[in-house]
Amino acid sequence: MSGPLPPNEPVSTVKCVVWDLDNTLWKGTLLEGDDVVVDDLIRETIVGLDSRGILQAVSSKNDHDPAWQRLEELGVAEYFVLAKIGWGPKSTSVREIADELKFAHHTVAFIDDQPAERAEVQFHLPQVRCYPAESATELLTLPEFTPATVTADSRRRRQMYQANVRRESEQESFGGPSEEFLLSLDLEMEISRATASDLSRMEELTLRTSQMNATGVHYSDADLRALLDDARHEILAVTMSDRFGSHGAVGVALVETGPAVWHLKLLATSCRVVSFGAGATVLNWLVNEAATAGAHLVADFRPTTRNRIMEVAYRFAGFTDELCTCLAELPPDSGQTQRLHITPAPRPAPGTLRLTAVPLAAA
Ligand SMILES: [Zn+2]
């Protein structure tokens, strides 16, 4: 059913299902006056996909307002993050949905009862996976709709996406400077010790955030789990929220603390919160904690093609290449990693968000 995948790409999980309406999502044809209804099995499929963190959208040839109103009456409208309801080609709406979500075509599925519509989408978007309407109630049993792990954040992915849309539309309409805008968001950040149940979403985060992973090193769930009970290692989970809702887990840090030097081995933050200064806030907080403990702070940094923005964050926070005697206390590096150093001094609390953080220095 699916189109050709890019070479060497494993069969990946579908990230968004695009539904046709007439005789696919609901029984009947709205414009022909049918009293269209959603079958219970279809409803269970919609709710099931949503709980697995798979986004859903609509592509339908209909008049927009009555079709959307009917989705609301049927109690399913909230499950769709985007709806392209009109008279253009379906390949255009599926492409727009993929673009707006920033999803690769091979992670998008399209389901429609009309063979001609599936063929039209397949012709223009050969990587989109097309399914006939009869497959709708089987989707939850197929491997491509079954993510390996479902975390608390993936279950909330749709709500987080919808909150982000509201946030961005407000940002567009806000004419003030960005610091004023940030203050208007009521941003809150919490830095806490990660628990065992946090670890799989921490791993998901380091996989998803290659752009903002300062070490370019992947720590697996098992790697992090092994360090959970190690008294010298601190695994820190960063979560953020604002007045629109939660951003979920947005960062992870791994620090080995010693009496003379603290070693920051991993820092990854989600690109969703870059504009909120999340990386800089975490770094400044760590510098302040190390200053309180009287320890120097050394960060592993391996430049990759994608994490340049993280190097900027380190330099801006005051890290340098200076050679300090404390470096001799650390195990030798792999040769691919730079060691950025700072002799910490106390830092003021962040100005644009409320920070609640576990006191590391007192530990
Ligand atoms: Zn030093």
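Residues numbered from 1 in each chain as written. Predicted model: local features only at pLDDT ≥ 70, side-chain atom pairs only at ≥ 80, totals over all residues.

1. Details of the overall build of the protein
Counted only if it meets this: Secondary structure follows DSSP: runs of H or I at least 4 residues long count as helices, runs of E at least 2 residues long count as strands, and numbering of each begins at the N terminus. Exposed residues have 12 or fewer other C-beta atoms within 10 Å of their own C-beta, buried residues have 20 or more, and partly exposed residues fall in between, where C-beta atoms are placed from the backbone. C-beta atoms are placed from the backbone for every residue, and two residues are taken to be in contact when these atoms lie within 7 Å.
Summing up its helical and strand segments, the protein has 11 helices and 12 strands in all. Dimensions of the protein along its principal axes, counting C-alpha atoms only, are 80 × 45 × 30 Å. Across the 363 residues of the protein, 37% fall into the buried class. Within the protein, contacts between residues separated by at least 24 positions form 70% of all contacts whose residues are at least 6 apart in sequence.

2. What to know about the pairing of strand 3 (residues 80-86)
Counted only if it meets this: DSSP calls a pair of strands paired once it identifies at least 2 bridges connecting them. Note on handedness: a crossover is taken as right-handed if, strands pointing away from the viewer, the path from the first strand over the helix to the second is clockwise.
Looking at chain direction, strand 2 (residues 55-61) and strand 3 are connected through six bridges and run parallel. Looking at strand 3, one finds that serine 59 is bridged to lysine 84. Taken together, strand 2, helix 2 (residues 64-73) and strand 3 constitute a β-α-β crossover, and its handedness is right-handed.

3. Examining the domain arrangement of the protein
Stated formally: Reported domain spans reflect what an automatic or database domain assignment gives. When residues are sorted by character, Ala, Val, Leu, Ile, Met, Phe, Trp, Tyr, Cys and Pro go into the nonpolar class, Asp, Glu, Lys and Arg into the charged class, and all the rest, Gly among them, into the polar class.
The domains assigned to the protein are domain 1 (16-148) and domain 2 (153-357). One C-alpha centre belongs to domain 1, the other to domain 2; they are set 37 Å apart. At the interface, seven residues of domain 1 touch six residues of domain 2. Of the residues in the side of domain 1 that touches domain 2, the class split is three nonpolar, two polar and two charged.

4. Comments concerning helix 1 (residues 40-51)
We apply this condition: To estimate the expected span of a helix, count its residues, drop one, and scale the result by 1.5 Å. Along the arc lie the directions from the helix axis toward the C-beta atoms.
For helix 1, which comprises 12 residues, the first-to-last C-alpha distance of 16 Å matches the rise-based estimate of 16 Å (1.5 Å per residue) to within 8%. Taken together, the buried positions of helix 1 are Ile42, Thr45, Ile46, Leu49 and Asp50. For helix 1, the angular spread of buried residues about the axis comes to 130°, placing them on one side. Those residues of helix 1 that are exposed and angled more than 90 degrees off the buried face are Asp40, Leu41 and Glu44. Looking one or two places after helix 1, you find glycine 53, whose phi comes out positive at around 85°.

5. Description of unusual backbone geometry
The backbone phi angle of asparagine 23 is positive, close to 60°, even though this residue is not glycine. Relative to the elements of secondary structure, asparagine 23 occurs in the loop between strand 1 (16-19) and helix 1. Positioned with a positive phi, aspartate 186 is a non-glycine residue whose angle comes to about 55°. When you line up the elements, aspartate 186 lands in the loop between helix 7 (178-184) and strand 6 (188-193).

6. Considerations on helix 3 (residues 90-101)
Between its first and last C-alpha atoms helix 3 spans 17 Å; for 12 residues at 1.5 Å apiece the expected length is 16 Å, and the two agree. Every buried residue of helix 3 is listed here: Lys90, Ser93, Val94, Ile97 and Ala98. Viewed along the axis of helix 3, the buried residues span an arc of 135°, placing them on a single side of the element. One or two residues past the end of helix 3 sits lysine 102, with phi positive at roughly 60°.

7. Details of the sheet that holds strand 7 (residues 233-242)
As a reminder, the rule being used: Here an angle of 0 to 180 degrees is reported between the N-to-C directions of two axes, which are lines fitted to C-alpha atoms, with helices fitted over the stretch in contact.
Here we have seven strands laid out as an open sheet, ordered 11-10-9-8-7-6-12, and mixed in their pairing. Each having just a single partner strand, strand 11 (338-342) and strand 12 (354-357) make up the two edges of the open sheet. Strand-to-strand twist in this sheet, taken as the mean axis angle between neighbours without regard to direction, amounts to 25°. Bridge analysis of strand 7 against strand 8 (residues 245-257) gives 10 bridges, and the strand direction is antiparallel. Each residue of the ladder has a partner; that of valine 238, found in strand 8, is glycine 251. Docked against the sheet, helix 10 (residues 278-293) engages strand 6, strand 7, strand 8, strand 9 (261-269), strand 10 (296-301), strand 11 and strand 12, running at close to 165° with respect to strand 9.

8. Things to note about the sheet that holds strand 4 (residues 108-112)
Within a beta sheet, neighbouring strands are joined by backbone hydrogen bonds and run either parallel or antiparallel to one another. If you walk across this open sheet you meet the five strands as 3-2-1-4-5, and the pairing is parallel. Looking along the sheet, the strands with just one partner apiece sit at the ends: strand 3 and strand 5 (129-132). Within this sheet the neighbouring strands show an average axis-to-axis angle of 20°, counted without direction. Of the strand pairs in this sheet, strand 1 and strand 2 are connected by four bridges, and their pairing is parallel. Note on strand 2: the bridge partner recorded for valine 17 is glutamine 56.

9. Remarks on the packing of helix 3 against helix 4 (residues 115-124)
Going by this rule: An angle below 35 degrees is read as roughly parallel, one above 145 as roughly antiparallel, one from 65 to 115 as roughly perpendicular, and any other as oblique. Here a crossing is taken to be left-handed if its near helix is turned anticlockwise relative to the far helix by less than a right angle, and right-handed if that turn runs clockwise.
It is the contact of helix 3 with helix 4, at a shortest axis distance of 8 Å, that shows an interaxial angle of 55°. With respect to helix 4, the axis of helix 3 lies oblique. Judged by the twist between their axes, the crossing of helix 3 over helix 4 is right-handed. Listed contacts from helix 4 to Lys90, Ser91 and Val94 of helix 3 are Glu117, Glu120, Val121 and His124. In terms of residue class, the contact of helix 3 with helix 4 is made up of two nonpolar, two polar and three charged.

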